[in-house]
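Each chain, letter by letter, is given below.
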Amino acid sequence: GVVEMIVGVTILTRWTRLGAYVAMVWLTCIALNLVTMGTFFDVAVRDLEMAIAAYALAKLTEARATATEVQPMLAPGLGRSKELTYEDA
(Lines give C-alpha, C1' and ligand atoms only; values in the text may rest on other atoms or scores of the structure.)
Protein backbone atom coordinates (compact mmCIF):
# COMPACT_ATOMS: atom_id res chain seq x y z
CA GLY A 1 0.00 0.00 0.00
CA VAL A 2 0.85 3.64 0.33
CA VAL A 3 2.75 3.23 3.61
CA GLU A 4 5.02 0.60 2.09
CA MET A 5 5.79 2.85 -0.89
CA ILE A 6 6.61 5.79 1.37
CA VAL A 7 8.90 3.63 3.50
CA GLY A 8 10.58 2.26 0.37
CA VAL A 9 11.26 5.75 -0.95
CA THR A 10 12.55 6.78 2.47
CA ILE A 11 15.01 3.87 2.46
CA LEU A 12 16.27 4.89 -0.99
CA THR A 13 16.92 8.49 0.05
CA ARG A 14 19.30 9.94 2.62
CA TRP A 15 16.99 8.81 5.45
CA THR A 16 17.85 5.13 5.06
CA ARG A 17 18.24 4.49 8.78
CA LEU A 18 14.84 5.99 9.65
CA GLY A 19 13.13 4.10 6.84
CA ALA A 20 14.75 0.84 7.87
CA TYR A 21 13.57 1.19 11.46
CA VAL A 22 10.03 2.04 10.30
CA ALA A 23 10.07 -1.00 7.99
CA MET A 24 11.28 -3.19 10.84
CA VAL A 25 8.45 -2.07 13.14
CA TRP A 26 5.86 -2.31 10.37
CA LEU A 27 6.89 -5.84 9.39
CA THR A 28 7.00 -6.97 13.01
CA CYS A 29 3.47 -5.67 13.57
CA ILE A 30 2.24 -7.51 10.49
CA ALA A 31 3.88 -10.73 11.67
CA LEU A 32 2.38 -10.38 15.16
CA ASN A 33 -1.04 -9.79 13.63
CA LEU A 34 -0.74 -12.96 11.54
CA VAL A 35 0.41 -15.02 14.52
CA THR A 36 -2.42 -13.79 16.75
CA MET A 37 -4.93 -14.67 14.02
CA GLY A 38 -3.50 -18.18 13.94
CA THR A 39 -3.07 -18.22 10.18
CA PHE A 40 -0.33 -17.82 7.61
CA PHE A 41 2.55 -18.70 9.92
CA ASP A 42 4.85 -19.01 6.92
CA VAL A 43 4.13 -15.41 5.93
CA ALA A 44 4.66 -14.31 9.54
CA VAL A 45 8.09 -15.95 9.58
CA ARG A 46 8.95 -14.35 6.26
CA ASP A 47 7.95 -10.92 7.58
CA LEU A 48 10.03 -11.42 10.73
CA GLU A 49 13.02 -12.35 8.57
CA MET A 50 12.55 -9.18 6.54
CA ALA A 51 12.24 -7.20 9.79
CA ILE A 52 15.60 -8.61 10.88
CA ALA A 53 17.07 -7.61 7.52
CA ALA A 54 15.66 -4.09 7.92
CA TYR A 55 17.26 -3.87 11.37
CA ALA A 56 20.58 -5.00 9.88
CA LEU A 57 20.26 -2.32 7.19
CA ALA A 58 19.67 0.34 9.85
CA LYS A 59 22.68 -0.78 11.87
CA LEU A 60 24.91 -0.95 8.78
CA THR A 61 23.81 2.55 7.83
CA GLU A 62 24.75 3.77 11.32
CA ALA A 63 28.14 2.03 11.11
CA ARG A 64 28.84 3.53 7.70
CA ALA A 65 27.92 7.01 8.90
CA THR A 66 30.24 6.62 11.87
CA ALA A 67 33.09 5.32 9.71
CA THR A 68 32.85 8.12 7.16
CA GLU A 69 32.80 10.95 9.68
CA VAL A 70 35.99 12.98 9.67
CA GLN A 71 37.60 12.40 13.03
CA PRO A 72 40.84 14.08 14.05
CA MET A 73 43.79 11.91 14.96
CA LEU A 74 47.35 12.69 15.91
CA ALA A 75 50.08 12.33 13.34
CA PRO A 76 52.36 9.33 13.88
CA GLY A 77 55.74 10.03 15.37
CA LEU A 78 57.16 11.42 18.57
CA GLY A 79 56.51 14.99 19.55
CA ARG A 80 54.30 15.80 16.60
CA SER A 81 51.08 17.45 17.60
CA LYS A 82 49.74 18.27 14.14
CA GLU A 83 46.24 16.92 13.72
CA LEU A 84 45.36 14.86 10.70
CA THR A 85 42.08 13.52 9.46
CA TYR A 86 41.49 9.99 8.24
CA GLU A 87 41.43 11.35 4.72
CA ASP A 88 45.05 12.53 5.12
CA ALA A 89 46.27 9.17 6.38
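A brief look at the structure comes next.

### Quick look at the pattern of salt bridges
Under the definition given, this model contains three salt bridges. Here Arg46 and Asp47 are joined by a salt bridge, their closest N and O atoms 3.1 Å apart. The class for Arg46 is partly exposed, based on a relative accessible area of 44%. A salt bridge links Glu62 to Lys59; the shortest N-O distance between them is 3.3 Å. Separated by three residues within a single helix, Glu62 and Lys59 lie in helix 3 (residues 41-68), roughly one turn from each other. Given the relative accessible area of 37%, Lys59 is considered partly exposed. Among the charged side chains, a network of salt bridges with common partners joins Arg17, Lys59 and Glu62.

### As for a nonpolar patch on the surface
On the surface, Val2, Met5 and Ile6 cluster together into a nonpolar patch covering about 330 Å² of accessible area. If you trace the backbone, Val2 turns up in helix 1 (residues 2-12).

### As for the environment of Met24
Within the secondary structure, Met24 sits in helix 2 (residues 16-37). For the pair Met24 and Ala56, spaced 32 residues apart in sequence, the C-alpha to C-alpha distance is 9.5 Å. Apart from residues no more than four positions distant in its own chain, Met24 is found in contact with Ala51, Ala54 and Tyr55.

Reading guide: rules and limits
Residues numbered from 1 in each chain as written. Predicted model: local features only at pLDDT ≥ 70, side-chain atom pairs only at ≥ 80, totals over all residues. Heavy atoms only, no water. Salt bridge = Lys/Arg side-chain N within 4 Å of Asp/Glu carboxyl O. Buried < 20%, exposed > 50% of the residue type's maximum accessible area, 1.4 Å probe, protein only. Helix = DSSP H or I, 4+ residues; strand = E, 2+ residues; numbered from the N terminus. Patch = residues over 30% accessible without salt bridge, like charges linked within 9 Å, V, L, I, M, F, W, Y side chains within 5 Å. Areas by Shrake-Rupley, 256 points an atom, 1.4 Å probe, with all protein chains shown as cover. Contact = heavy atoms within 4.5 Å.

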